[in-house]
Amino acid sequence: MRYRCPLCSQSLVLQDKSWRCQNNHVFDCAKEGYVNLLPVQKKNSKDPGDNKPMIVARREFLNKGYYQRLSDRVNELAQRFALDKTSGLDIGCGEGYYSHRLFEAMQTSVAKNTPFSLNGLDISKSALKSASKRYSHINFCVASAFEMPFFDESFDFMLRIYAPSLDKELRRTMKQDGILLTVSAGPMHHFALKQLIYDEPALHTQEKSTIQGFELLHHEQLEWVLEMDNEQDITHFLNMTPYAWKLTDEQKQGLANQGLMCQLDFKIEIFKAI
């Protein structure tokens, strides 16, 4: 992988266990294997992104397979629309659950003489510590999706699940005719939780998205009802959602004790760079 220096935009070269540019900006690889390319002067907080408790909760929840249906559908669509692609990026990859399963699916699809490589980017150092420990075959870096440390036209496939980003950065780093697969919240996503928090909960938009520099090829919704009765699994689920901060401890404990039924509604869209 060729990284671009986040300070001067020059090429970074791996020397021993450090990435270094010609201007002598140095970024050390962590013992887990990832590289932190988010300089302190570009951070909005001391420890940006999801913290360790949220990452642990998400990892434990996803490992139980509750969202595997989403992962399977993402992989099916990637194989359908990006079968010939060889260089991928997972934007906002988190602890690597979707990244790893995507990599395995794509490896079995591309021709043996053109293997599929995958990079993962996230602003959370805690997330990439977890991801790098488990998935050493994927290149992970701590960085902002709003200013990605990659050169122009570095990738021909990108996955973006819930992660915010800039249209111009997506198009800058994507090759011509590259495929972008995005997942966002559909109208009824987590509506049962929102009813506990808001007097008049609003629905997420169901309108098709537009991304400058891309054309929409495919749009679908994936819906099912999540049912859980395991107290620990419910606790992990609640702690990994953005609603964790809005639910009281009493509400969380009540849901954990009585069981949880919640709508899942994912909007999946596929774009091509034009």
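Before reading on, note that the structure itself is shown above.
Analysis parameters
- Residues numbered from 1 in each chain as written.
- Predicted model: local features only at pLDDT ≥ 70, side-chain atom pairs only at ≥ 80, totals over all residues.
- Heavy atoms only, no water.
- Patch = residues over 30% accessible without salt bridge, like charges linked within 9 Å, V, L, I, M, F, W, Y side chains within 5 Å.
- Areas by Shrake-Rupley, 256 points an atom, 1.4 Å probe, with all protein chains shown as cover.
- Salt bridge = Lys/Arg side-chain N within 4 Å of Asp/Glu carboxyl O.
- Lys, Arg positive; Asp, Glu negative; His and termini not counted.
- Charge placed at Lys NZ, Arg CZ, Asp CG, Glu CD.
- Helix = DSSP H or I, 4+ residues; strand = E, 2+ residues; numbered from the N terminus.
- Buried < 20%, exposed > 50% of the residue type's maximum accessible area, 1.4 Å probe, protein only.
- Pairing = 2+ DSSP bridges.
- Contact = heavy atoms within 4.5 Å.
- Axes fitted to C-alpha atoms, helices over the stretch in contact; angles between N-to-C directions.
- Parallel < 35°, antiparallel > 145°, perpendicular 65-115°, else oblique.
- Nonpolar A, V, L, I, M, F, W, Y, C, P; charged D, E, K, R; others polar.
- Phe/Tyr/Trp six-rings, centres within 6.5 Å; stacked < 30°, edge-to-face > 60°.

Q: Got a minute to help me understand a positive patch on the surface in this structure?
A: On the surface, Lys-31, Lys-52, Lys-125, Lys-129 and Lys-133 cluster together to form a positively charged patch. The greatest single-element share of the positive patch, amounting to three residues, is contributed by helix H4 (residues 125-134). Among the structural elements, Lys-129 can be located in helix H4. Assessed through its relative accessible area of 35%, Lys-129 is described here as partly exposed.

Q: Please explain the sheet that holds strand E8 (residues 155-161) as it appears in this structure.
A: Within a sheet, neighbouring strands are paired by backbone hydrogen bonds and run either parallel or antiparallel to one another. The strand order across the open sheet built from eight strands is E4-E7-E6-E5-E8-E9-E11-E10, with neighbouring strands paired in mixed fashion. Edge positions in the sheet fall to strand E4 (35-36) and strand E10 (214-228), since each of these pairs with one other strand and no more. Sheet topology note: the E10/strand E11 (residues 260-273) ladder contains 14 bridges and is antiparallel. Paired with His-218 across the bridge in E11 is Ile-270.

Q: What is the right way to read the environment of Cys-141 from this model?
A: The topology assignment puts Cys-141 in strand E7 (residues 139-142). Residue class for Cys-141 comes out buried when judged on its relative accessible area of 0%. A C-alpha to C-alpha distance of 33 Å links Cys-141 and Leu-193, two positions 52 residues apart in sequence. Apart from the residues lying within four places of it in its own chain, the contact partners of Cys-141 are Tyr-3, Val-35, Leu-37, Gly-120, Leu-121, Asp-122, Leu-128, Pro-149 and Phe-150.

Q: For this particular structure, what's the right way to read the packing of helix H1 (residues 52-63) against H4?
A: Think of two packed helices as two axes; the pair is described by the angle between the axes and how far apart they sit. The geometry of H1 relative to H4 is characterised by a closest axis approach of 8 Å and an angle of 40° between their N-to-C directions. One element, H1, and the other, H4, form an angle in the oblique class. Two secondary-structure elements touch here, H1 through Lys-52, Ile-55, Arg-59 and Asn-63 and H4 through Ser-126, Ala-127, Ser-130 and Arg-134. Taken together, the residues of the contact of H1 with H4 sort by class into two nonpolar, three polar and three charged.

Q: Help me understand the packing of aromatic side chains in this model?
A: Applying the stated criterion across every chain yields a total of 11 aromatic pairs. Here the aromatic rings of Phe-61 and Tyr-66 are separated by 4.9 Å at their centres, their planes lie at 15°, and the arrangement is stacked. Through a chain of ring-to-ring contacts, three or more aromatic side chains come together here, namely Phe-61, Tyr-66, Tyr-67, Trp-224, Phe-237 and Phe-266.

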